[in-house]
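# Results of the structural survey
In case you want the letters, here they are:
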Amino acid sequence: MDNLIQNIQGIPLNHYVIFCSIIFSIGVIGVLIRRNVIIIMMSIELMLNSVNLLLAAFSAYRGDASGQVFVFFIMALAAAEVAVGLAIVIMVYRNTKSVDIESLSKLRW
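All figures in this text were calculated on a predicted structure; none of them were measured in a lab.

### Considering the packing of helix 3 (residues 37–62) against helix 4 (residues 66–96)
- Look at helix 3 against helix 4: their axes get within 9 Å of each other, and the N-to-C directions meet at 175 degrees. Classified by the interaxial angle, the pair formed by helix 3 and helix 4 is roughly antiparallel. On helix 4, the residues touching V37, I38, M41, I44, E45, L48, V51, N52, L55, A56 and S59 of helix 3 are G67, Q68, F70, V71, I74, M75, A78, E81, V82, G85, L86 and V89.
- For the contact of helix 3 with helix 4, a count of residues per class yields 16 nonpolar, 5 polar and 2 charged.

### Thoughts on a nonpolar patch on the surface
- A contiguous nonpolar patch, built from I18, I22, I26 and L46 and spanning about 350 Å² of accessible area, is present on the exposed surface.
- Of all the elements, helix 2 (residues 13–33) adds the most residues to the nonpolar patch, at 3 residues.
- For I18, the position within the fold is in helix 2.

Procedures and definitions
- Residues numbered from 1 in each chain as written.
- Predicted model: local features only at pLDDT ≥ 70, side-chain atom pairs only at ≥ 80, totals over all residues.
- Heavy atoms only, no water.
- Axes fitted to C-alpha atoms, helices over the stretch in contact; angles between N-to-C directions.
- Helix = DSSP H or I, 4+ residues; strand = E, 2+ residues; numbered from the N terminus.
- Parallel < 35°, antiparallel > 145°, perpendicular 65-115°, else oblique.
- Contact = heavy atoms within 4.5 Å.
- Nonpolar A, V, L, I, M, F, W, Y, C, P; charged D, E, K, R; others polar.
- Patch = residues over 30% accessible without salt bridge, like charges linked within 9 Å, V, L, I, M, F, W, Y side chains within 5 Å.
- Areas by Shrake-Rupley, 256 points an atom, 1.4 Å probe, with all protein chains shown as cover.
- Salt bridge = Lys/Arg side-chain N within 4 Å of Asp/Glu carboxyl O.

Quick look at the structure:
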């Protein structure tokens, strides 16, 4: 375990911040540009994973386990989001035969 922490601390913290910022930006662009619900959910997962990686990196640098505890909470939140989101996507597909966001406006009436 100490060897893993030393390997993580061997990489400058700026590299982690830049890498996670790029991953988070890709997720935001995916949410804003794409119209497919499944792609949007994958982009949200990408954003959550970038935050998880950054929390784990900060936790390893500080030698504190509180960041890793937050990672577990975010993973539980992501699992609940996927379960609810996929149930919604299945119901939308059954009603409209499409997973396009524009087809959701038909469900008003």
